[in-house]
Amino acid sequence: MAANDVIEAMLKAVDQPALMAMTADDVKNQYGIDTSTLADFSGRMPLMNVKTNEIAVFKVKKEKDIDAVKKGMAKRAEAVQKQFEQYLQDQYENAKNYKIVAEGNYVLFVISESADDLVKAFKAALKK
């Protein structure tokens, strides 16, 4: 299943604020992940700098790369937290409750008030 299809299914299941598509440069610069280790990826980032909501699905070529992807995701979560720590307290709290979930060769990163529902939608989309 394409990473983008997974995210589309998640967004159909759980409403999120306005998000824009993530580029390969975003993956490199924001997550520090080498895109050559990925078979596929898709992500959505906040359209405006007043929200921390973010969803990314990375499909690795080899399972051994899952840990590196998870580390990049944790680093991204820290960066978002730092960005909002002194700025918007509710969004800072939101960013502290991020989730990283691996399912097969797919790894999900999510920052959202509805993170648990998005994780459920992620797992459901992969079962189809």
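See the structure shown above.
Residues numbered from 1 in each chain as written. Predicted model: local features only at pLDDT ≥ 70, side-chain atom pairs only at ≥ 80, totals over all residues. Heavy atoms only, no water.

## Description of the side chain of D65
The residue D65 is located in the loop between β3 (54–60) and α3 (66–85) in this model. Overall, D65 belongs to the buried group, its relative accessible area being 14%. Beyond its immediate chain neighbours, meaning those up to four positions away, D65 contacts T37 and V60. (Helix = DSSP H or I, 4+ residues; strand = E, 2+ residues; numbered from the N terminus. Buried < 20%, exposed > 50% of the residue type's maximum accessible area, 1.4 Å probe, protein only. Contact = heavy atoms within 4.5 Å.)

## Focus on a nonpolar patch on the surface
Taken together, the side chains of M20, L47, M48, V50 and Y87 make up a nonpolar region of the molecular surface, amounting to roughly 510 Å² of accessible area. Mapping V50 onto the fold places it in the loop between β2 (38–46) and β3. You can call V50 partly exposed: its relative accessible area is 42%. (Patch = residues over 30% accessible without salt bridge, like charges linked within 9 Å, V, L, I, M, F, W, Y side chains within 5 Å. Areas by Shrake-Rupley, 256 points an atom, 1.4 Å probe, with all protein chains shown as cover. Salt bridge = Lys/Arg side-chain N within 4 Å of Asp/Glu carboxyl O.)

## Brief notes about the packing of aromatic side chains
Using the criterion set out here, one finds five aromatic pairs in the structure. Each ring, one from Y31 and one from F58, has its centre 5.3 Å from the other, and the planes form 85 degrees; the classification is edge-to-face. One end of the pair, Y31, is in helix α2 (residues 24–31); the other, F58, is in strand β3, and 27 residues separate them in sequence. Residues F41 and F58 carry aromatic rings whose centres are separated by 6.4 Å and whose planes lie at 65 degrees to one another, so their mutual orientation is edge-to-face. With F41 in strand β2 and F58 in strand β3, the pair connects residues that are 17 residues apart, well separated along the chain. Of the residues examined, F41 reaches a relative accessible area of 24% and is grouped as partly exposed. A relative accessible area of 0% places F58 in the buried class. Between the NZ or CZ atom of R76 and the centre of the ring of Y31, over which it lies, the distance is 6.0 Å. (Phe/Tyr/Trp six-rings, centres within 6.5 Å; stacked < 30°, edge-to-face > 60°. Lys NZ or Arg CZ within 6 Å of the ring centre and 35° of its normal.)

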